[in-house]
Amino acid sequence: MDASGQGKLLVVTGLEKSYSAKVLSEVDLSIGAGEVHALVGENGAGKSTLAGIVAGLVKPDGGHMNLNGRPYAPRNRRDAESSGIRLVMQELNLIGNLTLAESLFFDRLPHRLGWINYNRLNEQARPLLDQVGLGELDPTRLVSSLGVGQQQLIEIAVGLSRRCDLLILDEPTAALTDPEIDRLFAQIVRLKANGVGMIYISHRLEEVQRVADRISVLRDGQLVFTRRPSETSLEEIVRWMVGRELGSVVRQRPARSGGAVALRVRGLRAGPAVQDVSFEARYGEILGFAGLMGSGRTETMRALYGADRREAGQIFLRGSDVPAKIRTPSDAVRRGLALLTENRKEQGLLLPMAVRANISLSHLGSISRWGGWVQTAVEQAVALRWIQNLRIRCASAEQPAVELSGGNQQKVVIAKWLCRDCEVMIFDEPTRGIDVGAKFEVYRLLADLADKGKAIIIVSSDLKELMASCDRIAVMSAGRLAAVFDRGEWSQDAIMAAALSGYGVNL
Ligand SMILES: Nc1ncnc2c1ncn2[C@@H]1O[C@H](COP(=O)(O)OP(=O)(O)OP(=O)(O)O)[C@@H](O)[C@H]1O
Ligand SMILES: [Mg+2]
């Protein structure tokens, strides 16, 4: 690597960081002007920590950085930003009750006059929304009304719209579907042409190969590998990430037919996003839900589960002809219907609480039935089993969830629902932010559950994962169910065509 750092935008040398354990150890990394340097590695490898140090959020214990040939040691985020370094963070950090326009100009709202020219603000927001393909949205809408993918795009729009020399994107595409990713890549190409350097963190290795000039792998806090995409392969990158052979990353599910109907949905309506949706899920099968962002997948699941109000429609469980009364999520869980939501911060996880407590939360009932109160020993044993099964990286089961890396937090949410005994389990973006090795584990566990006779529904923005692991795939488009494919009948093109069909687009 370029030891002198000449001609480099940012040069990081010998970076060190420890919390209770060592997180980064002697990390050297450089980024040139106009270069996209991708950073990959397993959950907990130290990627976000490294990004945080460069962006002034985390103090390193050792090492130094040079920016444009001069020593660089940001005291805080503001300091880094005034030096021209910006970070779009992995976790969503928007404030729900601001409008889109307010979020975009959050740090530039003219406070001094005591009032804000909202017409101008909304005018200025439009081109920024347009850049990330959200030009159709009303800038006065509240952020909280958007799904996770759209919120992610708003965060990206904020990052793209500020002048900077180095932009760090920490898993920008985790909740995006292919057309949105293409749009983001077009913006990256534009920034590159303007000489902006980028650190690009992602678990989606194919897109990393597409967008990066160089790829580096972090393993257990050490930078073990740096190559140009043309000099390496997916298999080699994965090998360096996990230190073992994984075989094919997602195993193809063998063709099989499902059992009796476990869940039947008739004429479901809920707001503009869910218009007359009907489908069935069978015992023993994995039913996937594909569709573009905003097509109504998440809203359908939330309405089913009682998390959002239904305007019309009936839900039948266990082959019954009598509609199930589901008005709230606890009604749903009591009747054997579980939903793992896409936004773990809002709905899935209690951040200050221990990993152990988070895992046992949803099945307190089944544990405490015998003793009257929660038996810590049982809780502990259950938690340890899941920590091992999903390879959750934590100091101990007592570590607060907030201290875990993003992907490991997601694994805790999954564990929490996997140990709950529900007949119908809905997983909304279960592998968002999860590394390749653990993804494989998650899909294996979901397949196990289906094989044990449960009905599993997966909503995912990753079509390849759905195609590998589902028995059937339902495709939503503009709030309606556009098609349902059986295994063996689908192709990527056919699914994409169905996903676009509701928007008046023909392929
Ligand atoms: N505030 C903290 N206190 C204690 N440990 C921490 C803290 N922040 C991070 N860690 C630990 O540092 C390690 C690296 O975390 P980091 O968030 O950098 O991982 P990552 O590579 O970004 O993973 P992911 O792919 O899951 O986002 C993890 O084991 C995490 O538990
Ligand atoms: Mg991270």
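Residues numbered from 1 in each chain as written. Chains lettered and ligands numbered in written order. Predicted model: local features only at pLDDT ≥ 70, side-chain atom pairs only at ≥ 80, totals over all residues.

> Help me understand the overall build of the protein chain, please; the structure alone is not making it clear to me.
Counting secondary structure elements, the protein chain contains 18 helices and 19 strands. Compactness check: the protein chain gives a C-alpha radius of gyration of 23 Å against a globular reference of 23 Å for 507 residues, within 12% of the reference. Counting contacts in the protein chain only where the partners sit at least 6 residues apart, residues at least 24 apart contribute 69% of the total. (Helix = DSSP H or I, 4+ residues; strand = E, 2+ residues; numbered from the N terminus. Rg over C-alpha atoms; globule rule 2.2 N^0.38 Å. Contact = placed C-beta atoms within 7 Å.)

> Explanation requested: the pairing of strand β11 (residues 261-270) in the structure shown.
Regular strands have side chains that alternate between both faces of the sheet. Pairing of β11 with strand β12 (residues 274-282) involves seven bridges; the strand directions are antiparallel. Note that in β12 the partner of Val265 across the bridge is Phe279. Two strands pair when backbone bridges link them, and β11 and strand β14 (residues 312-317) are joined in this way by five bridges, in the antiparallel orientation. Looking across to β14, one finds that Val265 is bridged to Ile315. (Pairing = 2+ DSSP bridges.)

> I'm lost on the sheet that holds β14 in this one. Help?
Two orientations exist for strands paired in a sheet by backbone hydrogen bonds: parallel and antiparallel. If you walk across this open sheet you meet the three strands as β12-β11-β14, and the pairing is antiparallel. Either end of the sheet is taken by a strand with one partner, and the two such strands are β12 and β14. With direction set aside, neighbouring strand axes in the sheet form an average angle of 5°. Seen against the sheet, helix α9 (residues 297-305) touches β11, β12 and β14 and runs at an angle of roughly 110° to β11. (Axes fitted to C-alpha atoms, helices over the stretch in contact; angles between N-to-C directions.)

> It is not clear to me how the domain arrangement of the protein chain should be interpreted in this structure. Could you clarify?
Interface size is commonly expressed as the accessible surface area that is lost when the partners come together. Per the domain assignment, the segments making up the protein chain are domain 1 (8-242), domain 2 (259-336 + 423-507) and domain 3 (348-421). Each of domain 2 and domain 3 has a C-alpha centre, and the two are 26 Å apart. Taken residue by residue, the interface counts ten residues in domain 2 and nine residues in domain 3. The element best represented in the side of domain 2 that touches domain 3 is helix α16 (residues 436-451), accounting for four residues. Classifying every residue of the side of domain 2 that touches domain 3 gives six nonpolar, one polar and three charged. (Domains from an automatic or database assignment. Nonpolar A, V, L, I, M, F, W, Y, C, P; charged D, E, K, R; others polar.)

> Explanation requested: the site of ligand 1 in the structure shown.
Looking at ligand 1, there are 21 residues lining it, with Asn43, Ser48, Thr49, Ser405 and Gly407 nearest. For the shell around ligand 1, the secondary structure elements donating two or more residues are α1 (47-54) and α15 (406-418). Each residue belonging to the shell around ligand 1 can be placed in one class, and the counts come to four nonpolar, 13 polar and four charged. (Near = placed C-beta within 6 Å.)

> Please explain the environment of Leu350 as it appears in this structure.
Residue position: Leu350 is located in the loop between α11 (344-348) and α12 (355-360). You can call Leu350 partly exposed: it has 14 C-beta atoms within 10 Å. Distance in space between the C-alpha atoms of Leu350 and Val413 is 9.7 Å, their sequence separation being 63 residues. Setting aside anything within four residues of it in sequence, one finds Leu350 in contact with Asn358 and Ala401. (Buried ≥ 20, exposed ≤ 12 C-beta atoms within 10 Å, placed from the backbone.)

> Is there a simple way to explain the pairing of strand β1 (residues 8-18) in this structure?
Sheet analysis places β1 next to strand β2 (residues 22-32), joined by seven bridges and oriented antiparallel. If you follow Val11 over to β2, its bridge partner there is Ser30. In textbook terms, the turn of a hairpin is the stretch between consecutive antiparallel strands, and for β1 and β2 this stretch comprises three residues. Pairing geometry for β1 and strand β4 (residues 62-67), over five bridges, is antiparallel. Bridge pairing links Thr13 to His64 in β4.

> I keep staring at the sheet that holds β1 and nothing clicks. Help me out?
What the four strands build is an open sheet, ordered β2-β1-β4-β5; its pairing is antiparallel. The strands lining the two open edges of the sheet, one partner per strand, are β2 and β5 (70-72). When strand polarity is set aside, the average angle formed by the axes of neighbouring strands in this sheet is 20°. In the packing of α1 onto the sheet, contacts are made with β1 and β2, and the angle to β1 comes to roughly 120°.

> Mind showing me how you'd approach helix α8 (residues 234-242) here?
Each α-helix turn comprises 3.6 residues. Residues three or four places apart therefore point the same way. What α8 keeps buried is the set Ile237, Val238, Trp240, Met241 and Val242. Here the buried face of α8 lies against β3 (36-40), α7 (205-211), β9 (214-219), β10 (222-227) and α16. Remark: Gly243 follows α8 within two positions and exhibits a positive phi of approximately 70°.

> I would appreciate a short explanation of unusual backbone geometry in the present structure.
Phi is mostly negative for residues that are not glycine, and the peptide bonds are mostly trans. The phi dihedral of Arg391 is positive, around 50°, even though this residue is not glycine. One can find Arg391 in the loop between α14 (376-389) and α15. Under the C-beta neighbour-count criterion, Arg391 is labelled partly exposed, with 17 such atoms within 10 Å. We note that Glu429 has phi near 50°; this positive angle belongs to a residue other than glycine. Turning to its location among the elements, Glu429 is positioned in the loop between β16 (424-428) and α16.

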